[in-house]
Amino acid sequence: MGFARACSVALVGVEGVVVEVQADLEPGVAAFTLVGLPDKSLVESRDRVRAAVVNSGAEWPQKKLTVGLSPASVPKGGSGFDLAVAAAVLGAAERVDARAIADLVLIGELGLDGRVRPVRGVLPAVLAAAEAGYRQVVVPEQTAGEASLVPGVSVLGVRSLRQLIAVLTDEPVPEEPPDTVAGRPDAMTAGLMVPGAGVGTGPATGTGGGEHQPDLADVAGQTPARTALEVAAAGGHHLLLQGPPGAGKTMLAERLPGVLPPLTRQESLEVTAVHSVAGILPPGEPLVRTAPYCAPHHSATMQSLVGGGNGLPRPGAVSLAHRGVLFLDEAPEFSGRALDALRQPLESGHVVVARSAGVVRLPARFLMILAANPCPCGRHTLQGAGCECPPSVIRRYQSRLSGPLLDRVDLRVAVQPVHREDLMGQGGRGESTAVVAARVREARARSAARLAGSPWAVNSEVPGHELRTRWPAAPGALAAAERDLERGLLTARGLDRVLRVAWTVADLAGHARPEAHDVALALELRTGIARGAAVAAGGRS
């Protein structure tokens, strides 16, 4: 009787659980039994592993073979267990030393010819293995760079099962010729990308294709909206842009990721893990360093926004926009259920999706930008444009954005039609993305220094009680906001959000704490009512 075990990782959402793959050989009729709550794709690994072992020059044991996946209570799926199953079988057959693979984590799919094909979710799988105390992992060669992002783990990238057997038995490692053909994409990386999953998602490396990078200098006019965009980036505040079609709402949203600061190392690992599981991580670029940008179509379902799917839930748009920007263009056209489902992740920074197959917690700390027209035809606010929408239709259209959702939006700006002078360049070009991004980084540095030692990173996350007691505004600075609270123009939550925005405006202007004109600008950005404050942030007028 032969027994051996190896390790692999089962992904539950973007979190991993280390699975022990046990192989047991007993005398009897040759059979291959796989137990441990596998799904259909994992059950099919029996045929893949058998063919890969035989075509790699090893002898398949003609005995009763039982492969168990422990813990058996955790659902397991995908083809990433193939390599661990093959290693455990070879260890039980004494083709390789069973002790050499006992503490080895193996992740990869096997082809029938013995080649090791890459799979999605390697980074979160290796992170889970490292947290469990494992220090040696074997992954497909194409994903070795992704696995190497985890510190303290020795990564071995293999191209075939033959190479793995040679390494484990101290034999000369055979050379495996690459399968790529000049002028043709690598077919081995096809499993890393889900067809169509990268449309409107992923790192903000340019939304128009090619080498052109969206720049704020391309936006004509729109000084109040540019100011709101800068404040949103500096403090992590959600933003609503409301105005007629063609005013530049989408242009502004597409340029927000370039204004955001680069991701920290920890944030990059979080974003890369989500994108790896979702299948939108570009091959050859294992680490996402820039803020992601996700713009789902207004026909998106609630499951596609917050996560879902058959079996265990998969990341939705809010998770793909983690640490980046979620842009909802034509926001009133989204279904009410889909929009209201955003209320919980806006507050908590994560999504808990419960399905019959299990409960999954997905990260979802994003910056939301809503764009809306004033009415179905979009001409309600234009003079002489001939809007024929009845008042009841306009009210119904605007009420599609519920009050609880809008109460979580700190900044609300009316985007006006562009004037001829601005459009033809006679008003001068606005500031570039690089200039605004530098100011945003300085403001983030001021807020980070102030919030050091606290559990919050940006102003939008600080509770109102802490702002009122621990970091108070200048004496008399909140007088206008308190009057609005007494008149019913602001709720208690609205007052807290005005104070958060005021701190961001003060950080952009370099003030030690919010002053009266900082609060006035915050009130104007929150309520849309002119307060006589400076139109622009950052100390400019």
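Residues numbered from 1 in each chain as written. Predicted model: local features only at pLDDT ≥ 70, side-chain atom pairs only at ≥ 80, totals over all residues. Heavy atoms only, no water.

*Asks:* Before we move on, could you go through a nonpolar patch on the surface and cite the residues and values that matter?
*Replies:* Nonpolar side chains collect at one region of the surface, where L156, V167 and V173 lie side by side and expose about 200 Å² of accessible area between them. Take V167: it is sitting in helix α7 (residues 161-168). (Patch = residues over 30% accessible without salt bridge, like charges linked within 9 Å, V, L, I, M, F, W, Y side chains within 5 Å. Areas by Shrake-Rupley, 256 points an atom, 1.4 Å probe, with all protein chains shown as cover. Salt bridge = Lys/Arg side-chain N within 4 Å of Asp/Glu carboxyl O. Helix = DSSP H or I, 4+ residues; strand = E, 2+ residues; numbered from the N terminus.)

*Asks:* Before we move on, can you summarise the sheet that holds strand β15 (residues 367-372) with the specific residues and values?
*Replies:* Strand order in the open sheet made by the five strands is β11-β12-β15-β10-β16, with parallel pairing throughout. The strands lining the two open edges of the sheet, one partner per strand, are β11 (293-294) and β16 (411-414). As judged from the four bridges shared by strand β10 (residues 239-242) and β16, these two strands associate in the parallel manner. Bridging from a neighbouring strand, L239 pairs with L411 of β16. Sheet strands in contact with helix α8 (residues 223-235) are β10, β15 and β16, and its direction is about 165 degrees off that of β16. (Pairing = 2+ DSSP bridges. Contact = heavy atoms within 4.5 Å. Axes fitted to C-alpha atoms, helices over the stretch in contact; angles between N-to-C directions.)

*Asks:* Explain the nonpolar core to me, using residue names and the numbers behind them.
*Replies:* Core analysis: the biggest nonpolar cluster contains 54 residues, and L239, L241, I369, V519 and L525 have the highest contact counts within it. For this core, the element with the highest residue contribution is helix α21 (residues 492-509), accounting for eight residues. Sequence-distant contacts of V519, that is, excluding residues within four places in its chain, are made with A477, L478, A481, V498, A502 and P514. (Core = buried A, V, L, I, M, F, W, Y, C linked by side-chain atoms within 4.5 Å. Buried < 20%, exposed > 50% of the residue type's maximum accessible area, 1.4 Å probe, protein only.)

*Asks:* Just give me the short version of the pairing of strand β1 (residues 2-12), but keep the residues and values in it.
*Replies:* Sheet analysis places β1 next to strand β2 (residues 15-26), joined by eleven bridges and oriented antiparallel. Bridging across to β2, A10 finds its partner in V17. Following β1, the chain reverses through two residues before pairing antiparallel with β2; G13 in that reversal takes a positive phi of roughly 70 degrees.

*Asks:* Residues and numbers for the environment of P463, please.
*Replies:* Looking at the element boundaries, P463 is found in the loop between α18 (433-450) and α19 (464-469). Taking relative accessible area as the criterion, P463 reaches 30% and is therefore assigned partly exposed. A sequence separation of 34 residues divides P463 from R497, and the C-alpha atoms of the two residues are 9.0 Å apart. Beyond its immediate sequence surroundings of up to four residues, P463 is in contact with W456 and R500.

*Asks:* Outline the side chain of R497, supporting the account with residue identities and numerical values.
*Replies:* Residue position: R497 is located in helix α21. Contacts of R497, omitting those with residues within four sequence positions, involve E347, D407, R408, D410 and R526.

*Asks:* Before we move on, can you summarise unusual backbone geometry with the specific residues and values?
*Replies:* With an omega dihedral of 5 degrees, the bond running from S70 to P71 counts as a cis peptide bond. The phi dihedral of L37 is positive, around 60 degrees, even though this residue is not glycine. Considering the arrangement of structural elements, one finds L37 in the loop between β3 (31-35) and α1 (40-43). Although it is not a glycine, E330 sits at a positive phi angle of roughly 55 degrees. With relative accessibility at 27%, the residue E330 sits in the partly exposed group.

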